[in-house]
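Survey of secondary and tertiary structure
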Amino acid sequence: MFSDKQPRKVFVLSKRLMCLFAHKECYFGTKHAGSNEDQLGSRPKYNYGLTGKGKSKRRKIQDFPTIHGEVVFGLHPVYLALQAERRSKFHTLYIDGKFVETGHRNKAIEKVLEVARHKNIRIHPLSKLFLDQLAGNRPHQGVCLDSDELDVTEWTYETEVSSSHHGMPIWLLLHNILDPMNLGAILRTAYYLGLDKVVLPAADCCRLSPVVSKASAGALEVIDLVRLPKHVSEITLCEWWQSRGWEVVGTTLDDPDQTDGNASIQSLYSFSATRPTMVLLGNEGFGVGSDLLQACDTLVTIPSYEKTYTGLPRISSLNVSVAAGILLHWIKVSNLTQER
């Protein structure tokens, strides 16, 4: 018979053997998937290796569908991507298998399916486990779309400057925004407030991934974007704007050391947009670069009204997407007020 310690040893040994066989099964399952081997796991290669943040378990699965482009996920991003058609090709719409039965569909799912059928896009039902993998373990709401990357127009000196809304043209130039959630939130705000164009630099900018599209609630798919060519700097763009007699507004903290004395800083609430305006929004950590600040006509800051507590540190800045909402709303309102 076993001694008192032997049952414990047998249990540990059997557990290790089970783990070993489970690992072996998972390994051969991955190989069985053939060319889709790189697409398995929690870092989907086709979505730029962004790790999942959701609650679903990160498991490798067999017979993973072949992905031809990148996977847009979530009801709003998928629906707006299909409607806007700024992606050159849609390959397959993947939906949760439960949506095959009409009784499990809501109005949003019905709209997505209707547009997909109208455009003759292949619709393929999958289990939630597969959809979780497609979306990198992010919330997909039962919908994933395999499509080509978003087409973004390149800026030229002949790029049209016009306003589709009441008021003068307002552009937003994003400088070194690196976080996809921040970028998505900024694009959502810019679209909601009716900005005429958002300019992306050629480098040092967050990639326009499906994660950005989801964070923007699909605004990425419909907002008017333009990207600077590699040989055109952000300063060159500002000079082009100023050559037309228009204004470039930089955003900064109320700190003279950040401006190198090139211009005085005024409160956002004392600023009014009286002519076409380009707003510069800077990096999450260090803001707008000093060279760019010196190229601005005006520098504005959002005044702080925080309470002060003796002996406790101050919070001296806002999240960049929150700051964008405050800045753009005020500038848009001041612009419309001038037109009345």
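In this report, the structure presented in the accompanying data block is examined. Quantities reported herein were computed from a predicted structural model and do not represent experimental measurements.

The rules behind these values
Residues numbered from 1 in each chain as written. Predicted model: local features only at pLDDT ≥ 70, side-chain atom pairs only at ≥ 80, totals over all residues. Heavy atoms only, no water. Helix = DSSP H or I, 4+ residues; strand = E, 2+ residues; numbered from the N terminus. Buried < 20%, exposed > 50% of the residue type's maximum accessible area, 1.4 Å probe, protein only. Areas by Shrake-Rupley, 256 points an atom, 1.4 Å probe, with all protein chains shown as cover. Pairing = 2+ DSSP bridges. Axes fitted to C-alpha atoms, helices over the stretch in contact; angles between N-to-C directions. Contact = heavy atoms within 4.5 Å. Polar contact = N/O pair within 3.5 Å; in protein donor to acceptor, adjacent residues only side chain to side chain. Core = buried A, V, L, I, M, F, W, Y, C linked by side-chain atoms within 4.5 Å. Phe/Tyr/Trp six-rings, centres within 6.5 Å; stacked < 30°, edge-to-face > 60°. Lys NZ or Arg CZ within 6 Å of the ring centre and 35° of its normal.

**Observations regarding the overall build of the protein chain**
The helix and strand inventory of the protein chain stands at ten helices and twelve strands. Within the protein chain, the fraction of its 340 residues that count as buried is 46%. If you sum the accessible surface of the protein chain, you get close to 18500 Å²; carbon and sulfur atoms cover 52% of it.

**With respect to the sheet that holds strand β4 (residues 143-147)**
Spatial ordering of the open sheet is given by β1-β4-β2-β3, a layout of four strands whose pairing is mixed. Two strands lie at the open edges of the sheet, namely β1 (70-73) and β3 (122-126), each paired on one side alone. Between one strand axis and the next, the sheet turns through 25 degrees on average, direction left out of account. Bridging between strand β2 (residues 90-96) and β3 involves five bridges; their strand directions are parallel. Bridge assignment links Y94 to a residue of β3, and that residue is H124. Most of the contacts of helix α2 (residues 75-84) go to β4, to which it runs at about 40 degrees, and overall it touches β1, β2 and β4. Helix α3 (residues 107-118) contacts β2, β3 and β4 of the sheet and is inclined by roughly 150 degrees relative to β2.

**Description of the side chain of S216**
Secondary-structure assignment places S216 in the loop between α6 (210-215) and α7 (219-222). Reaching out from S216, the side chain makes a polar contact with the backbone oxygen of S213 at a distance of 2.8 Å. The residues contacting S216, other than those within four sequence positions of it, are G184, L187 and R188.

**Observations regarding the sheet that holds strand β9 (residues 247-251)**
The eight strands are arranged β5-β8-β7-β6-β11-β9-β12-β10 in an open sheet whose pairing can be described as parallel. Of all the strands in the sheet, just β5 (153-154) and β10 (265-267) have a single pairing partner and so form its edges. Both strand β6 (residues 170-174) and strand β7 (residues 197-200) contribute to a ladder of three bridges, which runs parallel. Considered in β7, the bridge of L172 is made with V198. Where helix α5 (residues 180-192) meets the sheet, it contacts β6, β7, β8 (225-227) and β11 (277-281), and its direction lies at approximately 175 degrees from that of β6. Against the sheet, helix α8 (residues 234-242) touches β6, β7, β9 and β11, its axis set at about 165 degrees to β6.

**Describing the nonpolar core**
L172, L174 and V198 are the most contacted members of the largest nonpolar core, which has 33 residues in total. Counting only elements with at least two residues in this core, the list comes to β6, α5, β7, β11 and α10 (320-339). It is α10 that provides the largest number of residues to this core, a total of six residues. Ignoring anything within four residues of it in the chain, the contact list for V198 reads L172, L174, L187, A190, I223, D224, L225 and V226. Among the nonpolar cores identified, the runner-up in size contains 21 residues, and L228, C238, V248 and L292 belong to it.

**Comments concerning the packing of aromatic side chains**
With the rule as written, the count across this model stands at seven aromatic pairs. Within the aromatic cluster, the residues linked to one another by ring pairs are W155, Y157, W171, W240, W241 and W246. The aromatic ring of Y79 is capped on one face by K111, whose charged end is 4.8 Å from the ring centroid.

**Digging into the pairing of β6**
Taking burial as the measure, the five residues of β6 include five buried ones, the bulk of the element. Burial along β6 is two-sided: the face carrying I170, L172 and L174 and the face carrying W171 and L173 are both buried. The sheet contact formed by β6 and β11 spans five bridges and is parallel. The residue of β11 that forms the bridge with W171 is M278.

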